[in-house]
Amino acid sequence: MTITLTRNPYVAGSLLKFKIWLNNKPVTKIALGEEKTITLPEDNSIIQIKQFSGKSNTLTVNDGDQVEISNGTGLRWMVLLVVLFVPIVTLLEALAIFISLLVAITCFFILLIKTDSLKLTKINNKFTP
């Protein structure tokens, strides 16, 4: 029983390898643009991708599934955070800049932990119950 996992070349964090977790256990890593075949220990296995504090959604996979890694919704929130904070910071002075940067960095890490910065999607689901 195997699945094929493909990492979209346009995913954020392109310099780093993503850790692949299967049933809450790390199994391997995947690089930018790479395609991996992963052996499943059982039907209805749970796969997830993690990188630092960032993570993907969990996805139930079965024999023959093809899964793609892409950017998740958390990344959009992080970009919006940057777009909103840069104009504000440029208007501030001294201590206010430092405080606003601390708030921005804190918000970034909260978003990274609480949202899915990566997304797993089944491209071709061959399993039929």
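Residues numbered from 1 in each chain as written. Predicted model: local features only at pLDDT ≥ 70, side-chain atom pairs only at ≥ 80, totals over all residues. Heavy atoms only, no water.

S.K.: Is there a simple way to think about the environment of Ile3 in this case?
M.R.: Along the chain, the position of Ile3 falls in strand β1 (residues 2-7). For Ile3, a relative accessible area of 0% translates into the label buried. Remark: the alpha-carbon pair of Ile3 and Leu91, spanning 88 residues in sequence, is separated by 51 Å. (Helix = DSSP H or I, 4+ residues; strand = E, 2+ residues; numbered from the N terminus. Buried < 20%, exposed > 50% of the residue type's maximum accessible area, 1.4 Å probe, protein only.)

S.K.: Is there a simple way to think about the sheet that holds strand β8 (residues 66-71) in this case?
M.R.: Hydrogen bonding along the main chain pairs the strands of a sheet, whether they run parallel or antiparallel. Sheet architecture is open: 4 strands sit in the order β4-β1-β8-β9, paired in mixed fashion. Each edge of the sheet is formed by a strand with only one pairing partner; in this case those strands are β4 (35-39) and β9 (118-124). With direction set aside, neighbouring strand axes in the sheet form an average angle of 30°. Pairing analysis gives 6 bridges linking β8 to β9, with the strands arranged antiparallel. Of the residues in β9, the one forming a bridge with Val67 is Lys122. (Pairing = 2+ DSSP bridges. Axes fitted to C-alpha atoms, helices over the stretch in contact; angles between N-to-C directions.)

S.K.: Looking at this structure, I do not really get the packing of aromatic side chains. What am I missing?
M.R.: The relation between two aromatic rings is expressed through the spacing of the ring centres and the mutual angle of the planes. Applying the stated criterion across every chain, the model contains 0 aromatic pairs. Its end group placed over the ring of Phe18, Arg7 keeps NZ or CZ at 3.6 Å from the ring centre. The side chain of Lys50 reaches across the aromatic face of Trp21, ending 4.2 Å from its centre. (Phe/Tyr/Trp six-rings, centres within 6.5 Å; stacked < 30°, edge-to-face > 60°. Lys NZ or Arg CZ within 6 Å of the ring centre and 35° of its normal.)

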